[in-house]
Amino acid sequence: ISGSGIMYSPGDVLMVQPSNRFDLVDDFLSLLQLDPTKQFYLQSNDPDVTVPSLLPKPCTVRYAVEHYFDIAGMPRRYFFELLAFFASSELEKEKLREFASTEGQEELFSYCYRPRRTTLEVLEDFPGVGQVVPFEYLFDLIGPIQPRAFSIASSLMAHKDEVQLLVAVVHYKTKLHRPRQGLCSSWLAHLRPNQGVGLQVR
């Protein structure tokens, strides 16, 4: 953190902004048939809604998928409702509407929340829908990656140019094909030396 101006005290919390793993990004781009090099400008149509500051102008599709869309998180109920709107298959549309309905919440819990099924995995289960969702609707469909909080495990008195964290890498298996991995902990574990990390002390 040399030259960053970051200061901290014992008991402070470090907020870390992670990104998606490269393999998940590639799977998502392939599934939705998106051009990773395509550039776009994001503008707000609502004065009460601000444009995400994380996105550069212009921004590439790959950058948005890697650094903004929470494709490794569990989707919200609204995700299924909006996805059903684009479904052309009656079978997929009916199932998605069921998950979005009040009556279908128990089945949605069993399908998505109990096994911790990710947004990417849901889209893989409904492949006919993902390919027809316009890119701009992804900002309504998928929430942003949220920063993760970690207790700082070092002191500026002993390490004046460092901030140290003690992080357990989350990795376990369920009945799903992909092992469950903590987004931030696995991302931190695979950082390259001198790779930049978005940080904020609270």
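For the structure, check the block above.
So, how was this worked out
- Residues numbered from 1 in each chain as written.
- Predicted model: local features only at pLDDT ≥ 70, side-chain atom pairs only at ≥ 80, totals over all residues.
- Heavy atoms only, no water.
- Core = buried A, V, L, I, M, F, W, Y, C linked by side-chain atoms within 4.5 Å.
- Buried < 20%, exposed > 50% of the residue type's maximum accessible area, 1.4 Å probe, protein only.
- Helix = DSSP H or I, 4+ residues; strand = E, 2+ residues; numbered from the N terminus.
- Contact = heavy atoms within 4.5 Å.
- Phe/Tyr/Trp six-rings, centres within 6.5 Å; stacked < 30°, edge-to-face > 60°.
- Salt bridge = Lys/Arg side-chain N within 4 Å of Asp/Glu carboxyl O.
- Arc of directions from axis to C-beta.
- Pairing = 2+ DSSP bridges.
- Axes fitted to C-alpha atoms, helices over the stretch in contact; angles between N-to-C directions.

Visitor: Sorry if this is basic, but what is going on with the nonpolar core here?
Guide: Considering soluble globular proteins, one finds that nonpolar side chains tend to be buried as a cluster. By size, the foremost hydrophobic cluster in this structure holds 40 residues, and its most contacted members are Phe-28, Phe-69, Phe-80 and Leu-138. Looking at this core, the element that brings in the most residues is helix α3 (residues 77-86), giving 6 residues. If we skip the residues at most four places from it in the chain, Phe-80 touches Pro-75, Leu-96, Phe-99, Ala-100, Leu-108, Tyr-111, Cys-112, Tyr-113 and Val-122. Grouped together as the second largest cluster of nonpolar side chains are 9 residues, Leu-156, Val-163, Cys-184 and Trp-187 included.

Visitor: Mind showing me how you'd approach the packing of aromatic side chains here?
Guide: To describe a pair of aromatic rings, you give the distance between the ring centres and the angle between the ring planes. This model, assessed by the stated rule, comprises 12 aromatic pairs. Ring geometry for Phe-85 versus Phe-86: centroids 5.2 Å apart, planes at 85 degrees, classification edge-to-face. Judged by its relative accessible area of 61%, Phe-85 is exposed. Each residue in the set Phe-40, Tyr-68, Phe-69, Phe-135 and Phe-139 is aromatic and connected to the rest through ring pairs, giving one cluster.

Visitor: Whenever I open this one, the pattern of salt bridges confuses me. Can you help?
Guide: Here the idea is simple: oppositely charged side chains can pair when their charged atoms come close. Per the stated rule, a full pass over the model turns up 9 salt bridges. In this structure, Glu-107 engages Lys-95 in a salt bridge whose closest nitrogen and oxygen atoms are separated by 2.3 Å. In this pair, Glu-107 sits in helix α5 (residues 105-113) while Lys-95 sits in helix α4 (residues 90-100), placing the two residues 12 residues apart along the sequence. Note on Glu-107: relative accessible area 32%, which makes it partly exposed. With a relative accessible area of 27%, Lys-95 lands in the partly exposed category. Arg-178 is the partner of Glu-121 in a salt bridge, and the nearest nitrogen-oxygen pair spans 3.9 Å. Of this pair, Glu-121 sits in helix α6 (residues 119-125) while Arg-178 is found in the loop between β5 (171-172) and β6 (180-181), placing the two residues 57 residues apart along the sequence. On the accessibility criterion, Glu-121 (7% relative accessible area) is buried. When salt bridges with common partners are traced through the structure, they connect Asp-27, Glu-121, Glu-124, Arg-178 and Arg-180 into a single cluster.

Visitor: Looking at this model, I keep getting lost on helix α1 (residues 22-31). Mind explaining?
Guide: Note that an α-helix has 3.6 residues per turn; residues three or four places apart therefore point the same way. Every buried residue belonging to α1 is among Leu-24, Val-25, Phe-28, Leu-29 and Leu-31, and all of these are buried. Seen end-on, α1 carries its buried residues on one side only, within an arc spanning 165 degrees. For α1, the elements touching its buried residues are α2 (61-67), α6 and α8 (138-141). Backbone geometry just after α1 places Gln-33 at a positive phi near 55 degrees.

Visitor: Explanation requested: the sheet that holds strand β1 (residues 13-17) in the structure shown.
Guide: The strands making up a sheet associate through hydrogen bonds between their backbones, and the pairing can be parallel or antiparallel. The strand order β4-β1-β7 describes an open sheet built from 3 strands, whose pairing is antiparallel. Edge positions in the sheet fall to β4 (148-151) and β7 (198-201), since each of these pairs with one other strand and no more. Across the sheet, the axes of successive neighbouring strands diverge by a mean angle of 30 degrees, strand direction being ignored. Pairing analysis gives 4 bridges linking β1 to β7, with the strands arranged antiparallel. Residue pairing for β7: Met-15 is matched across the bridge by Gln-200.

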